[in-house]
Amino acid sequence: MTLFLQQTINGLAVGSSYAIFAMGFGLVFATMGILNVAHGTYATWGAILALAAFDSLGVPLVPALAIGMAGGGLLGVLVDQLGFEPIRRRGGGLLGPIITSIGFWIILGQLAIIATGARIKTFPREALPRGFVRIGDLVIPYHQIITFAVALLLLLILYLFMMRTNIGAQMRAVGWDPDSAKISGVNPRRVVIVISFIAAATASVAGILSSISTNNVSFTVGEGLLLKGFAAVIIGGFGDLRGAYVGGILIGLAEVLGAQYISNSFRDFITFGLLIVVLLARPKGLMGDRIVGLRA
Amino acid sequence: MAFLGHYASTVEFSIAFALFAIATYSALRGGILSLAGTPMAAVTGFVSLALVEDHNVPIELVLVAGVVVGLLSGLLVSIPLARLESHWVALATIALVLMARVVVLNLDSVTGGVDGAPITRMVEQWHLFTALGAVMWVMARHSRSRLGLAAEAVRSHPDVAASLAIDVYGTRRSLWMLSGAIAGLAGVVYASLVQFLSPDTFYVNIAFVMLAAVVLGGNRHWFGGIVGAFVFTILPEILRRFLTQGETIVNGVLLILIMIYLPRGLVDPTRKVRRELKKQATNIHSGHGEPSAGGEQEGEADLWSLNLTGRTAPEAEPTRDRPAALSVEGIRKTYGGLVAISDLTFTVPEGSVFGIVGPNGAGKSTLLSVMSGGDESDRGKIRILGQDMTGWKQTDIAREGVARTYQTVQLFDDLTVVENIMVGFDRERRTNFWDPVFMTPRDRRERADLAERARALMDLVGVIGQPDQYAATLSYANQRRVEIARALAMEPSVLLLDEPTAGMHKLGSQAIGELMLSLTDRGLTVVVIEHNLELVLNYCEQAIVMDFGRLLAQGAPADCLSDPTVIEAYFGRKADAARIESLVKLRQHSGGQQR
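Residues numbered from 1 in each chain as written. Chains lettered and ligands numbered in written order. Predicted model: local features only at pLDDT ≥ 70, side-chain atom pairs only at ≥ 80, totals over all residues.

Regarding the overall build of chain A
Put simply, the rule reads: Each helix is a run of DSSP H or I of at least 4 residues and each strand a run of E of at least 2, with the numbering of both proceeding from the N terminus. For the radius of gyration, the atoms used are the C-alpha atoms, and the globule rule reads 2.2 Å times the number of residues raised to 0.38. To assign burial, the other C-beta atoms lying within 10 Å of each residue's own C-beta are counted, with C-beta atoms placed from the backbone; 20 or more indicates buried, 12 or fewer indicates exposed, and intermediate counts indicate partly exposed. Contact between two residues is assigned when their C-beta atoms, built from the backbone, lie within 7 Å.
Across its full length, chain A carries 11 helices and two strands. Listing each helix as α and each strand as β along chain A from the N terminus yields α-α-α-α-β-β-α-α-α-α-α-α-α. Its C-alpha atoms give chain A a radius of gyration of 19 Å, near enough to 19 Å, the size a compact globule of 296 residues would have. If one aligns the C-alpha atoms of chain A with their principal axes, the spans along those axes are about 60 × 45 × 35 Å. Here chain A holds 296 residues, and the buried ones make up 53% of them. Considering only contacts within chain A whose residues lie at least 6 apart along the sequence, 74% involve residues at least 24 apart.

Laid out in structure tokens, this is it:
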């Protein structure tokens, strides 16, 4: 029983970083219709920038993480304005943005390899909050608690942002129908920039958190998150922040518990098998394709 | 081959990647955004490992085995995925790519697991060139074959394809199998070239990059994928002489530039035509040039007067003794809270022209779509030719002889006029996949035959334009005529026309009216939605008037339109009432003269 609880906690922690990534990835897919293959590289670059600020510039940890997050966010805006904006103006469909994002995926991935010298770097152990909480026989490291808390907090903040603020309403409007939104006085370009920033910044947060818990800052950070985040979005339903969150958590749990009780090497198989089943049974995800929960 | 020199290995890999790219293209041309070529290649790659290393099978046989295994895996994948729409196919096939890697990792007795396994290179250059040559031959022969036309139709307008009795799923399944066969070949070739297989050999990298290569090269022509694959392989290789790392960045940059400046890729058969159309459009906007893309030109319209006979519809006969070609019983259709059609009942007598009139938003087009199976009604019955077709699939209704046109023209822009019409012949075509590949006499005869009949249909409906001209370059009115010709190619018993004369000159409209009458001579039943009341009065034997989804009146057009409720509810103003009055008189006058 202790083992089960312990593994459940591990699963929740792993799933939380997937969930954070998935929320941003899903937001872009739902509002702009872009299946962004380059989204994982934002996570990679968020982690690389945070580490660089901390290591090379000597910035204290927390501001360094903020720099990583903001840097990743700006990268997202840059990619959107350089690559996706021209296609959007032309009315580019599904294929065009995917191909463009593959282009950025190649470029940003290669640059990340060059920047890290193709080596795995780590945040210095002593700089991170060490220690753990002990509840009975259960041991919960701080970084797991932080990851879990950050994910929940981000879900709450983003949800309230989408549902309660004016710009959030504009984002939902653009997601429903960009043309009608424009007629109603929404500036779609500004909305798109805000979405790109939020999505890429949350990807960076996921990248930073998962690189801390796995002691791995390298070009591989984003790849893993992209594939899992993508599965999370499909399982949860891409139009709903809560769906992406639930999808991410479910995948984390399935992965860790599957590895424990079924087969370690087949753990990804469980994730992606689940994904195919969901695709066939409920093609729009467990939570459907509603944009952030509310249907007008 | 010595002449390849320093780049021999680069060219060899380019060929392998070209095969991957063509596999991706084969699916994409039917609108299937699939990355499944890579996992299918993984299957044959590891099959070839076993055949070559453990069983010493000759490479020629291994290549054939690759094609067969690939084809079967394509069929297998198509069973669940052919149902999904393109967004979801993309997602599901990415999932397949990821799952394939896990399987490879775990079947370590066959695949070598995480350590990978070496494989002896058995393919020689002549194998590579032969394989690529054979695949290119098949692609070229199928670019405008029965399958090629059906794929184009399914890609650009799946609904329209279904309304033309094309088996949408069947076409997609064939494309999945073709894509699988080519990917299978690619898997064997690639495995032999890399000489080492690991779980990462067939992974996201190849999947994404090969999709990108197809779009870079041009996804509207089979040659595009080959160009893309060669560019993607050779360009970094050249740069490698100057750079120590990051040479593939050039591919990323190139990809983004192409997507911005040449979104249809390097190879685009319609580029010239598109450029000219764009120029014309700008000229119209700035007030120069001829408005050929808009309404009908005066000169063109004059041609019509040559063939007009002045014939009009016969007086309505009592419907009792004529069988109904089509009957609608209590049809209701709602969208959310909006009632588009409310409990509509009427019958269309066989062999007549039947008009549907009503203001915009009256539910006319929805009704047409329900009758043709494009939309399903909430309740009520549709009987066509004596059969209850309620809830039937669009393809099946089309197969029973119901053809339609659309309010906004739905032609296949990447096909020529004749090819567009030939799509309508699909149901009666008998050639299979191999006929065009082996250039059988049957294939040649069928193509020549159908092209000839398509040209005859062009003449029948009076398309002004060249048979080999891209449909998108015709004027709007002529595009409408091509659409009618395409519907007639199905040799339907019931023809549903949605505003066939929109954008046409007066004489052109009259010609359409006379065409409808001549079709009824051959036993066809024509149902036509029309705003042009003169046309309805002159050519329809019976009509209904709709408003807000309800039936306002039915019967002979003149009676319908002079019905006080119709005039009041629909036309409102007195001026219109007076105009209808005069139209009705004119019609009675000319009708009397004829008799």
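A short note on unusual backbone geometry
It is generally the case that most residues other than glycine have a negative phi and that most peptide bonds are trans. All names here are of chain B. The residue Asn-56 is not glycine, and still its phi comes out positive at about 50°. Positionally, Asn-56 belongs in the loop between α2 (37–55) and α3 (59–81). Positive phi outside glycine occurs at Leu-385, with the angle close to 50°. Along the polypeptide, Leu-385 turns up in the loop between β6 (379–384) and β7 (387–388).

A look at the interface of chain A and chain B
Facing the 35 residues of chain A at the interface are 31 residues of chain B. Considering every element that reaches the side of chain A that touches chain B, the biggest residue donor is helix α4 (residues 95–116) of chain A, with 12 residues.

Some words on the confidence of the model for chain B
Residues and elements named next belong to chain B. Cut-off, in case you're wondering: Here pLDDT means the predictor's own confidence in every residue, given as a number from 0 to 100.
Per-residue confidence for chain B gives a mean pLDDT of 87; residues scoring 70 or more make up 89%. Predicted confidence is poor over residues 288–294, with pLDDT under 50, and the contacts of this stretch with residues over four places away or in other chains come to 16 contacts. Segment residues 591–595: pLDDT under 50, and two contacts once partners within four positions in sequence are set aside and those in other chains are kept. For this predicted complex, the interface confidence reaches an ipTM of 0.88, while the overall pTM sits at 0.89.

Some thoughts on the sheet that holds strand β4 (residues 338–349) of chain B
Residues and elements named next belong to chain B. Note the following rule: Strand pairing is assigned whenever DSSP identifies at least 2 bridges connecting the two strands. Note on definitions: angles span 0 to 180 degrees between N-to-C directions of axes, and those axes are lines fitted to C-alpha atoms, for helices only across the stretch in contact.
Read from one edge of the open sheet, four strands run β4-β3-β6-β7, paired in antiparallel fashion. If you trace the sheet from one side to the other, it starts and ends with β4 and β7, each paired once. Two elements, strand β3 (residues 324–335) and β4, share eight bridges in a ladder whose sense is antiparallel. Pairing of Val-328 across the sheet is with Phe-346, part of β4. In the packing of helix α15 (residues 364–371) onto the sheet, the strands contacted are β3, β4 and β6, and the crossing angle to β4 comes to about 65°.

Here's the deal with the confidence of the model for chain A
Confidence in the prediction of chain A, expressed as mean pLDDT, is 86, and 94% of residues score 70 or more. Across residues 290–296 of chain A the pLDDT falls below 50, and counting only partners more than four positions away or on other chains, this stretch makes 17 contacts in the model.

Here's the deal with the packing of helix α10 (residues 204–217) of chain B against helix α11 (residues 222–239) of chain B
Residue and element names in this part refer to chain B. For clarity, the cut-off: Crossings are classed by handedness, with left-handed meaning an anticlockwise turn of the near helix from the far one by less than a right angle and right-handed meaning a clockwise turn. When residues are sorted by character, Ala, Val, Leu, Ile, Met, Phe, Trp, Tyr, Cys and Pro go into the nonpolar class, Asp, Glu, Lys and Arg into the charged class, and all the rest, Gly among them, into the polar class.
Contact geometry for α10 and α11: axes closest at 7 Å, N-to-C directions at 115°. In this structure, α10 meets α11 at a crossing whose hand is right-handed. The residues of α11 that touch α10, namely those facing Val-209, Ala-213, Val-214, Leu-216 and Gly-217, are Gly-224, Gly-225, Ile-226, Val-227, Gly-228, Ala-229, Val-231 and Phe-232. Grouping the constituent residues of the contact of α10 with α11 by class yields nine nonpolar, four polar and no charged.

Overview of the domain arrangement of chain B
By a frequent convention, interface size equals the accessible area lost on bringing the separate parts together. Residue and element names in this part refer to chain B. Quick note on the threshold: Throughout the structure description, domain borders are defined by an automatic or database domain assignment.
Each domain of chain B was delimited in the assignment, giving domain 1 (2–202) and domain 2 (402–491). Between the C-alpha centres of domain 1 and domain 2 there is a distance of 31 Å. Tallying the contact residues gives 19 residues for domain 1 and 19 residues for domain 2. Those elements that place two or more of their residues in the side of domain 1 that touches domain 2 are α6 (125–141), α7 (146–156) and α8 (158–163). Per-element tally for the side of domain 1 that touches domain 2: the top contributor is α7, with seven residues.

Some thoughts on the packing of helix α8 (residues 188–214) of chain A against helix α9 (residues 220–236) of chain A
All names here are of chain A. Test applied: Roughly parallel refers to an angle under 35 degrees, roughly antiparallel to one over 145, roughly perpendicular to one between 65 and 115, and oblique to any angle outside these ranges.
Running from N to C, α8 and α9 cross one another at 110°; their axes reach a closest spacing of 10 Å. Taken together, α8 and α9 sit at an angle that is classed as roughly perpendicular. Judged by the twist between their axes, the crossing of α8 over α9 is right-handed. From α8, Ala-206, Gly-207, Ser-210 and Ser-211 reach across to α9, where they touch Val-221, Gly-222 and Leu-225. Across the contact of α8 with α9, the residue classes tally to three nonpolar, four polar and no charged.

Concerning the nonpolar core
Put simply, the rule is: We call a set of buried Ala, Val, Leu, Ile, Met, Phe, Trp, Tyr and Cys residues a nonpolar core when their C-beta atoms link them within 7 Å.
Met-23 of chain A together with Leu-19, Phe-20, Ala-21, Ile-22, Leu-185 and Ala-186 of chain B are the most contacted members of the largest nonpolar core, which totals 283 residues. Two domains each provide a minimum of three residues to this core, namely domain 1 (2–202) and domain 2 (402–491) of chain B. Setting aside residues no more than four positions away along its own chain, Leu-19 of chain B makes contact with Ala-131, Leu-132, Val-135, Ile-182, Leu-185, Ala-186 and Val-189 of chain B.

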